[in-house]
Amino acid sequence: MSSISTSLIRFNTFGLPARCRQLVLARTQAELMAACMQHAVDDVPPLILGGGSNLLLLEDYLGTVIKVETKGITVSEDSEHYRLTVAAGESWHGLVEFCLQQNIAGLENLALIPGTVGAAPIQNIGAYGVEFAAVCDWVEYLDLNTGKLVRLSHDECQFSYRYSVFKGALRGRAVVLQVGIVLTKCWQPNLTYGPLQSLAGQATPQAVFDTVCRVRSEKLPAPEQMGNVGSFFENPVVSAEHFSQLQQRYANIVGYPQPSGEVKLAAGWLIDSLGLKGYSVGGAAVHQQQALVLVNRGNATSSDVLGLARLICQRVKAAFEVELVMEPRVYAARGEWSNVL
Ligand code: FAD
Ligand code: NAP
C-alpha cells in the first residue's frame, strides 16, 4: 500500500492538515466514473470531494479522494422556461454569474455559496429564502453499488431543509454527475430576508445578486483568509410550545414560524446569547461577526474544532433544551462519521 502522502490542506476550506493515500483529479465524466468504480471496492470507500467547503477532515484519510472537476453548462429554452444541464464539477457561484450574464434569473439569492454544482443537491443548499430544491429539475448520479447511471426527478430527491435522499438512503452510494436546473422566464424576486427588503419595488436580478454578495462579504469570513465551512450547525426546529416557553425566559429570542406549525430557531442567536462570540479552543474559535461560523485562526487541529463544537452543544443544550446538529460532513481515517458530538 502506498504511503499517506498527499496533503489535503488546500482542498478543505477549514484548512485542516489532513493527508490522503491518493488524490485523483477527475476532469471528465468518463474519468470520474472510472475512478469511482475502480475504488468503490476498496477497503476504505472513496471520498468524493467537491470544493471541500462543507466537510471536516478529522484524520489522514486511508483511502482515495476523488475530486470532481468535470465542466460543462448547456442551456435550452421553451416559451416559459430555461433548462440548464450542468456538470457536477462546475463552480456553484460561477454558475450563478453565468446565468446573470445570460439574462437568466432565479439563482441570485444563492450567490457566493462556495463549492461545486454537484454538491448543491446533497444538502439542498439554501440562502436568503431560496433553496436548490426550488430550481432543481433532476439529478443524475452514478450508483457505486451497481455501476449504473440513475436520473432522479425533483420529487425523488426528497428535498427538505438542508437534506436530500443523498444524505439519507443514498448516503455514500451516489456520485452526482450532473444536475438539471429549470428557471422560469416570469422572474419574481424573493426579498423575504431582511437585507433584501430595501430592494422592494426596484429589485432586478443584478441588484439582488449585488446585495447578497455585499452582505455575505461583510459578514462571512472568506475561507482563503480564515478557514471555515460556513454555518457549523443547522438551525434547530422546535415545537410552538417549546418556543413559547423559551420566549418567557429569553424575551429577544429569534424564531421563524414554519408551515408545519413548528418554529425555526436561529442557532447563531442561541450561541451569541451565551456570550460565545470569539470564544476559542486552541486554534478554533467562534467567529466575531457570526456566531454560527467556527473559524480556523491558523493552526486549528480537528481536536480543537470538535472540542469547541462539543462545548457549544453542551452550553446550548443546558440553556435552551435544544440539540444542535452539525451541518458539515465529518470524515475520519476510514470513512464518514455520522455521530461525532
Ligand atoms: P464538499 O465540501 O466537497 O462535499 C460536501 C459533501 O458532499 C461531502 O460529503 C462530499 O462527499 C459530498 N459531495 C460533494 N460533491 C459530490 C458529488 N458530486 N457527488 C456526491 N457527493 C458529493 N451552504 C448552504 O447551503 N448555504 C450557504 O449559504 C452556504 N454558505 C457558505 C459560506 C461559506 C463561507 C462556506 C465555507 C460554506 C458555505 N456553505 C453554504 C456550505 C457549502 O458551501 C455547501 O454545502 C456546498 O454545497 C458544498 O460544496 P462542496 O463542493 O464544497 O462540497
Ligand atoms: P441571518 O440573516 O443573520 O439570519 C439568521 C438565521 O435566521 C438564518 O440562519 C436564517 O435561516 C434565519 N432567517 C433570517 N431571516 C429569515 C426569514 N425572513 N425567514 C426565515 N428565516 C430567516 O443569517 P446569515 O448568517 O446572514 O445568513 C444569510 C443566509 O445565508 C441564510 O439563509 C443562511 O442560511 C445562508 N448561509 C448559509 C451558510 C451555510 O453554511 N449553510 C453560511 C452562510 C450563510 P436559514 O439559514 O434557514 O435561511
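Right above here is the structure, for reference.
Treat the numbers as computed from the prediction; the structure is a model and nothing was measured. (Residues numbered from 1 in each chain as written. Chains lettered and ligands numbered in written order. Predicted model: local features only at pLDDT ≥ 70, side-chain atom pairs only at ≥ 80, totals over all residues. Heavy atoms only, no water.)

Turning our attention to the site of ligand 1. Taken together, 31 residues surround ligand 1, and among them Ile48, Ser53, Thr116, Arg216 and Tyr331 come closest. Gly126 places a main-chain nitrogen or oxygen 2.8 Å from a nitrogen atom of ligand 1. Starting from 980 Å² of accessible surface for ligand 1 in isolation, the protein chains cover 94%. Counting residues per element, the ones that place at least two in the shell around ligand 1 are strand 3 (47-49), strand 8 (126-127), strand 12 (174-184), strand 13 (227-231) and strand 20 (329-332). Class assignment of the residues belonging to the shell around ligand 1 gives a composition of 15 nonpolar, 13 polar and 3 charged. (Near = heavy atom within 4 Å. Polar contact = N/O pair within 3.5 Å; in protein donor to acceptor, adjacent residues only side chain to side chain. Areas by Shrake-Rupley, 256 points an atom, 1.4 Å probe, with all protein chains shown as cover. Helix = DSSP H or I, 4+ residues; strand = E, 2+ residues; numbered from the N terminus. Nonpolar A, V, L, I, M, F, W, Y, C, P; charged D, E, K, R; others polar.)

Taken together, 19 residues surround ligand 2, and among them Tyr193, Lys219, Ser231, Lys264 and Gln290 come closest. Here Gln290 contributes a side-chain N or O atom positioned 2.5 Å from an oxygen atom of ligand 2. Burial of ligand 2 by the protein amounts to 81% of the accessible area it has alone, namely 790 Å². Only strand 8, helix 3 (205-219) and strand 13 provide two or more residues apiece to the shell around ligand 2.

Attention now goes to the sheet that holds strand 14 (residues 237-238). The strand order 14-16-15 describes an open sheet built from 3 strands, whose pairing is antiparallel. One side of each edge strand has no neighbouring strand; the edge strands of this open sheet are strand 14 and strand 15 (255-257). (Pairing = 2+ DSSP bridges.)

Here we come to the pairing of strand 5 (residues 61-68). Of all 8 residues that make up strand 5, 7 are buried, and the element is covered over most of its length. Bridge count between strand 2 (residues 19-26) and strand 5: 6 bridges; the pairing is parallel. Its bridge partner lying in strand 5, Ala26 is registered against Val68. Relative to strand 5, strand 3 runs parallel, the two sharing 3 bridges. When the bridges of strand 5 are listed, Leu47 appears paired with Val65. (Buried < 20%, exposed > 50% of the residue type's maximum accessible area, 1.4 Å probe, protein only.)

Tracing the chain through its elements places His81 in strand 7 (residues 81-87). Residues His81 and Asn235, spaced 154 residues apart in sequence, show a C-alpha to C-alpha distance of 33 Å. Residue contacts for His81: discarding those within four places in its chain leaves Ser76, Val182, Leu183, Thr184 and Lys185. (Contact = heavy atoms within 4.5 Å.)

Here 3 strands make up an open sheet; going across it, the order is 4-20-21 and the pairing mixed. One side of each edge strand has no neighbouring strand; the edge strands of this open sheet are strand 4 (55-57) and strand 21 (335-337). Recorded for the sheet is a direction-independent mean angle of 35° between the axes of neighbouring strands. As paired elements, strand 20 and strand 21 share 3 bridges and run antiparallel to each other. Counterpart to Ala332 in the pairing with strand 21 is Gly335. (Axes fitted to C-alpha atoms, helices over the stretch in contact; angles between N-to-C directions.)

Glancing now at the pattern of salt bridges. Counting across every chain of the model gives 16 salt bridges. With a shortest N-O distance of 2.9 Å, Arg19 and Asp60 are connected by a salt bridge. Of the two residues, Arg19 sits in strand 2 while Asp60 sits in the loop between strand 4 and strand 5, which places them 41 residues apart along the sequence. The partly exposed category is assigned to Arg19, whose relative accessible area is 37%. Given a relative accessible area of 24%, Asp60 falls into the partly exposed group. Of the charged contacts, one joins Arg21 and Asp42 as a salt bridge, the two residues approaching to 3.7 Å between their closest N and O atoms. Here Arg21 is found in strand 2, whereas its partner Asp42 is found in the loop between helix 1 (29-39) and strand 3, with 21 residues between them in sequence. (Salt bridge = Lys/Arg side-chain N within 4 Å of Asp/Glu carboxyl O.)

Another point: helix 2 (residues 92-101). Every α-helix carries 3.6 residues per turn, so stepping three or four residues along brings you back to the same face. Of the residues making up helix 2, those classed as buried are Trp92, His93, Leu95, Val96, Cys99 and Leu100. Relative to the axis of helix 2, the buried residues are bounded by an arc of 155° and lie together on one face. Elements that come into contact with the buried residues of helix 2 comprise strand 6 (73-77), strand 7, strand 12 and helix 3. Its side-chain oxygen placed 3.4 Å from the backbone nitrogen of His93, Ser91 serves as the N-cap of helix 2. (Arc of directions from axis to C-beta.)

Backbone geometry places Gln158, a non-glycine residue, at a positive phi of 55°. Within the secondary structure layout, Gln158 lies in the loop between strand 11 (149-153) and strand 12. For Gln158, a relative accessible area of 45% translates into the label partly exposed.

Between its first and last C-alpha, helix 3 extends 21 Å over 15 residues, near the 21 Å set by a 1.5 Å rise per residue. Looking at the buried positions of helix 3, the neighbouring elements they touch are helix 2 and strand 8. (Expected span 1.5 Å × (residues − 1).)

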